[in-house]
Each structure stands twice: as structure tokens, then as C-alpha cells.
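Geometric and topological summary
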Amino acid sequence: MTNYFSSDFKLGILGGGQLGKMLLYETRKYDIQTLVLDPSAEAPSRIACDSFSQGDLMDYDTVLEFGRNADVITFEIESVNVEALEKLEQEGKKVFPSSKTLKKIQDKGVQKSFYSENAIPTAPFKKFNSKVELLKSVENGETELPFVWKSTTGGYDGKGVAVIKTKDTLQGLPDRPCIAESLIPFKNELAVIVSRNPSGEMKTFPVVEMEFHPEANQDEYVLFPAQITETIATKATQIAIQVVDAFKLVGIMAVELFLTHNNELLVNEVAPRVHNSGHYSIEGAYTSQFDQHLRCILNMPLGNTESKKAA
């Protein structure tokens, strides 16, 4: 195993928001040199990294130049230039999660099709290239109301998502590629954080329950233990492992699931990074999701994911 302590090793982090800053708290334990790229001059990570660069995460040349100065590259946000990551991998740089994994997840249409192709349970959906296509499908009765509209790219933290209940609300939607997903009457929204290192070692954090703000559509509370049976928890964990194994992910992945009133589990979305649903692990688990992510991408033994107590 590589000795990272007091070495010339450099970890590059694309994105310098709050998640990046929390990750940097853990890098100090290993005495790792850290480089951060973020478009904002006031990025939270600026004060905690060894070297900060301001630049556009979606710009090919900016990401390529930044990555060439690091030994391992990771990210705290999915909106990064995946072509630059591909080029860095071709040049021998280690990128975790890989560009191949990120490419499948950046586009929600591709992500949903991936679930179908790999027999991963998810809500029924249709893909559309434009608003005109979607409106035509609704008018023809091929797409029934209500449904959940999702922009295939650019959406995060409740943005790029809308619940469509009437035809009137369709007019306010932007004209962009999207998916229309069946509105699932669920009783719980659950999440499982899964960790996997390059050696293929995997560990899961316990299932948590998420409560979302009704208007902002953002995760407001994360509760452990989730108010579910042991059988449901086991099934949710098995599905999350299936997802991560299908993606061949290296790092941390948050797998969000709906639990229906019939106790059916459906994968909603995934995030190939440290995630809000794992924040309870900072104080609540023996190993935080941020420490575990570092262990994954540095190919170190994974930490104990058991929870110390309710959180």
C-alpha cells in the first residue's frame, strides 16, 4: 500500500463547496497535499486546501491542466468536464469515481436506462429530446398526469425537478431534454451509502430515512435508524450493492430509494460522491463517509461503517 504520509502525493478535488471542505478535514489526518478547483473565489474549501485554483469545472482545458498537477483526482459535484477526465485517465492519472461511471450518471436519461438494462428496480419513465416531444406525448395520452419531470442534465438539490399535476404547469417547463417519471406514492425515502475501493472491497453504511422540504425539494433531515423493518433494510442494502457493483464505482455512492406502500423498493437516483444523506456519519458512525471516501480512492482498508447510536 502506498505511504501517503509526508510524501509528494497530491490529491486533486474538483469542486470546493461544503462537501469538499468536509473532505479536507479528513485529508489532514493523512498529511495529504490537496489541490482544489472551483469557479468561486469564495469557495469554502479555499481556506482548508494546500493549493486553490479558480476556474470553470466544465471547461476542458481548465480541468485538464488542473488534473495534470495531481496524482489522484476526485470530485464533490457531478458537473465537471467528463471529456477532460477521460483524457487524464488516458495519460495515466487515477480518477475516482471514473469518467466512465460519471458519464452514465451525469445524464438522468442514461442513468435510468442503465437501471433498466441491469435489472435494477426503478420507477417507469419515458425520455424526451424536447419540450415539444413531451407536450405531444401528453396530448396523445401516451404520458399520463401526474408525473415527475426531470431535466436530464444540470439538475441537483431539487433543481431541474418538478411534479407535473396539470397540463397548465407544462407550459412553464424549460425546453430541454428530459424524462417523465411515474409519480410514485411512497411512504419513505431511504438512502444507502456504499463504499468500494479499487481492490473491490465493499462496505455499506446503515440505511437512513430522508425527509425533504416540501417546497425546496431538498433533503432537510436524515434519520438513523430508519423507521423500517430489518427485512426492508436488508433488501435496500442488497439493491444498493447491486447498483454500485453494476457501475463498478470506486469511492462513495449514495443510492436513494423509494419505499412504496406495498413495501416495494425503487431506486430513485444516485450520487457518485459524498452526499447529504451520509452527513450523520460524521458523529454517528465509527467511520465518516468522508474518511471512507478517502480510504476508497487511496485503496486503503475500509473503515467500520457501523453506527455508534441513533443520529
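In the block above lies the structure referred to throughout.
Anyway, here's the lowdown on the structure attached to this text. Because the structure is a prediction, the values reported are computed rather than measured. (Residues numbered from 1 in each chain as written. Predicted model: local features only at pLDDT ≥ 70, side-chain atom pairs only at ≥ 80, totals over all residues. Heavy atoms only, no water.)

1. Concerning the packing of helix H3 (residues 82-90) against helix H4 (residues 99-106)
- For the pair H3 and H4, interaxial distance at closest approach is 9 Å and the crossing angle is 165 degrees. On the basis of their axis angle, the class for H3 and H4 is roughly antiparallel. The two elements H3 and H4 cross, and the hand of that crossing is left-handed. Two secondary-structure elements touch here, H3 through Val82, Leu85, Glu86 and Glu89 and H4 through Ser99, Leu102, Lys103 and Gln106. (Axes fitted to C-alpha atoms, helices over the stretch in contact; angles between N-to-C directions. Helix = DSSP H or I, 4+ residues; strand = E, 2+ residues; numbered from the N terminus. Parallel < 35°, antiparallel > 145°, perpendicular 65-115°, else oblique. Left-handed = near helix turned anticlockwise from the far one by under 90°. Contact = heavy atoms within 4.5 Å.)

2. Regarding the sheet that holds strand E5 (residues 94-95)
- Pairing is parallel in the open sheet, where five strands are placed in the order E3-E2-E1-E4-E5. Taken across any chain shown, the strands that pair with only one partner, and hence form the sheet edges, are strand E3 (51-54) and E5.
- Examined bridge by bridge, strand E2 (residues 33-38) and E3 share four bridges and lie parallel to one another. If you follow valine 36 over to E3, its bridge partner there is phenylalanine 52.
- Helix H2 (residues 60-67) contacts strand E1 (10-14), E2, E3 and strand E4 (72-75) of the sheet and is inclined by roughly 175 degrees relative to E2. (Pairing = 2+ DSSP bridges.)

3. Comments concerning the pattern of salt bridges
- With the rule as written, the count across this model stands at 10 salt bridges.
- Here glutamate 86 ties to lysine 103 by a salt bridge, and the two come within 3.2 Å at their closest N and O atoms. In this pair, glutamate 86 sits in helix H3 while lysine 103 sits in helix H4, placing the two residues 17 residues apart along the sequence.
- The partly exposed category is assigned to lysine 103, whose relative accessible area is 42%.
- One salt bridge in this structure joins lysine 112 and glutamate 181, with 2.8 Å as the shortest N-O distance. On the criterion of sequence distance, the pair formed by lysine 112 in helix H5 (residues 108-117) and glutamate 181 in strand E9 (residues 178-182) is long-range, its members being 69 residues apart. For the pair lysine 112 and glutamate 181, a shared accessibility class is recorded, and that class is buried.
- Via salt bridges that share partners, Lys112, Lys150, Glu181 and Glu269 belong to a single interconnected network. (Salt bridge = Lys/Arg side-chain N within 4 Å of Asp/Glu carboxyl O. Buried < 20%, exposed > 50% of the residue type's maximum accessible area, 1.4 Å probe, protein only.)

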